[in-house]
Amino acid sequence: MSASGGTRAIVAALAANLAIAVAKFVAFVFSGSSSMLAESVHSLADSGNQGLLLLGGKKAKREATPEHPFGYGRERYIYAFLVSIVLFTVGGMFAIYEGYEKIQHPHAIEHWYWPIGVLVFAIIAESFSFRTAIKESNEIRGSLSWSQFIKRAKAPELPVVLLEDFGALIGLVLALAGVGIALATGDGVWDGIGTLCIGILLIVIAIVLAAETKSLLLGEAAGIEDVEKIKAAVVDGDVVTGVIHMRTLHLGPEELLVAAKIAVASDDTAAEVANAINAAEARIRAAVPIARVIYLEPDIYNAEAAAKGANPAKTPGGDGH
């Protein structure tokens, strides 16, 4: 993901959510609708989440230090995980509590035009934000389905904004349904039911976000295409004859660590091997620009010894040579 693309989607979502949060809260004050209160808190939480994503992106740009020699790229994963926590607690749990209270103590919605008007405005504003996130995502997701994109994306910002905006739109529809049925029947319980549904939706989205960002925090390997490009770039067919085994690890969304044991001939000189390694590193960086930390260890491949040890073909990134 390009950093600029992710930032545009975040800023668009932030602007929309701040405007919507204010409008929803005003509608709550005039109408007393619990759905509007839950939605205003939801939009406020989303605004805070976009602020967290921007802060994480800024912190991730810090230079590496002796204490953190691989830099701060994972700050973006940490702040994305915090987003899931905020969405779960501030958004989901509050909405469930508010919905339960409204069901237990229902009251009629006053000044119906406030919640209806604000919800329609919010749906339009969220649609523009969602459209921006979709446009930025389409530039990098290629042939992947949306579920595959969210699962495989190494940069967390666009998946987070996509899920937040999608959840916001569904939540607005639920709020509109709850308010509409409550107005039609004169029974405020429906407003509480709509609020409860919003809370459940937000918790489900928060759990999905937490699961995906947890995987990134633990450390994910490069994608299959990048692994194949790296393996092809390492071998020159002259000095480097194969990849014995290889490991890749994302130090951040746009920084990849590559560690590989490469096969060389027994009669190669140290100078030849050193020059071959330098050339292989240059080819790797040309093939996969985010491969910025590369460690290549030369070894004389012995098929008999390999057969007694771990099977390279079962090693991530290994090609069985």
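Since the structure is predicted, the reported quantities are computational estimates derived from the model, not experimental observations.

Asker: I would appreciate a short explanation of the packing of helix 3 (residues 75–104) against helix 7 (residues 189–218) in the present structure.
Answerer: The N-to-C vectors of helix 3 and helix 7 enclose an angle of 160 degrees; their axes lie 7 Å apart at closest approach. Taken as axis vectors, helix 3 and helix 7 run roughly antiparallel relative to one another. Every pair of crossing elements has a handedness; the one defined by helix 3 and helix 7 is left-handed. Of the residues contributing to the contact of helix 3 with helix 7, the split by class is 25 nonpolar, eight polar and four charged.

Asker: Before we go on, may I ask you to explain the nonpolar core in this structure?
Answerer: Across soluble globular proteins, nonpolar side chains have a tendency to be buried as a group. The biggest cluster of nonpolar side chains holds 42 residues, and the ones touching the most others in it are Leu53, Val161 and Leu209. Of all the elements in the fold, those that place two or more residues in this core are helix 1 (3–31), helix 2 (34–60), helix 3, helix 4 (113–141), helix 5 (146–152), helix 6 (157–185) and helix 7. Here the element with the most residues in this core is helix 6; it accounts for 10 residues. Setting aside anything within four residues of it in sequence, one finds Leu53 in contact with Ile10, Ala80, Val83, Glu157, Val160 and Val161.

Asker: Hey, could you run me through the environment of Ala80 in this one?
Answerer: For Ala80, the location among the structural elements is in helix 3. Discounting residues that sit within four places of it in the chain, Ala80 has contacts with Leu53, Pro156, Val160 and Thr213.

Asker: It is not clear to me how the sheet that holds strand 2 (residues 255–264) should be interpreted in this structure. Could you clarify?
Answerer: The strands making up a sheet associate through backbone hydrogen bonding, with each pair oriented either parallel or antiparallel. Taken together, three strands build an open sheet; the order of strands is 1-2-3 and the sheet is mixed. Among the strands making up the open sheet, the edge pair consists of strand 1 (240–252) and strand 3 (291–300). Strand-to-strand, the axes of this sheet are offset by a mean angle of 15 degrees, without reference to chain direction. When strand 2 meets strand 3, the two strands line up parallel, connected through nine bridges.

Reading the values: the criteria
Within each chain, residues carry numbers counting from 1 in the order of the written sequence. Given that the model is predicted, a residue must reach a pLDDT of at least 70 before its local features are reported, and side-chain atom pairs must reach 80 or more before they are shown or counted; all residues, however, enter totals for whole chains, interfaces and linings. Side-chain numbers here rest on the full set of heavy atoms in the structure, without hydrogens or water. An axis is simply a line fitted to the C-alpha atoms; with a helix, the fit covers only the stretch in contact. Between two such axes, the angle follows the N-to-C directions and lies from 0 to 180 degrees. Elements are defined by DSSP. Helices are runs of H or I of four residues or more, strands are runs of E of two residues or more, and each kind is numbered from the N terminus. Oblique is the label for any angle not under 35 degrees, not over 145, and not in the 65 to 115 range, which are roughly parallel, roughly antiparallel and roughly perpendicular in turn. Throughout, a crossing is termed right-handed when the near helix is turned clockwise from the far one, and left-handed when it is turned anticlockwise from it by less than a right angle. For this scheme, ten residues count as nonpolar: Ala, Val, Leu, Ile, Met, Phe, Trp, Tyr, Cys and Pro. Four count as charged, namely Asp, Glu, Lys and Arg, and the remainder, Gly too, count as polar. In plain words, nonpolar cores are sets of buried Ala, Val, Leu, Ile, Met, Phe, Trp, Tyr and Cys residues tied together by side-chain atoms within 4.5 Å. Here the term buried applies to any residue with accessible area under 20% of the maximum for its type, exposed to any over 50%, and partly exposed to those in between, with areas from a 1.4 Å probe on protein chains only. By definition in these notes, contact holds between two residues if any of their heavy atoms fall within 4.5 Å. For two strands to pair, DSSP has to find at least two bridges joining them.

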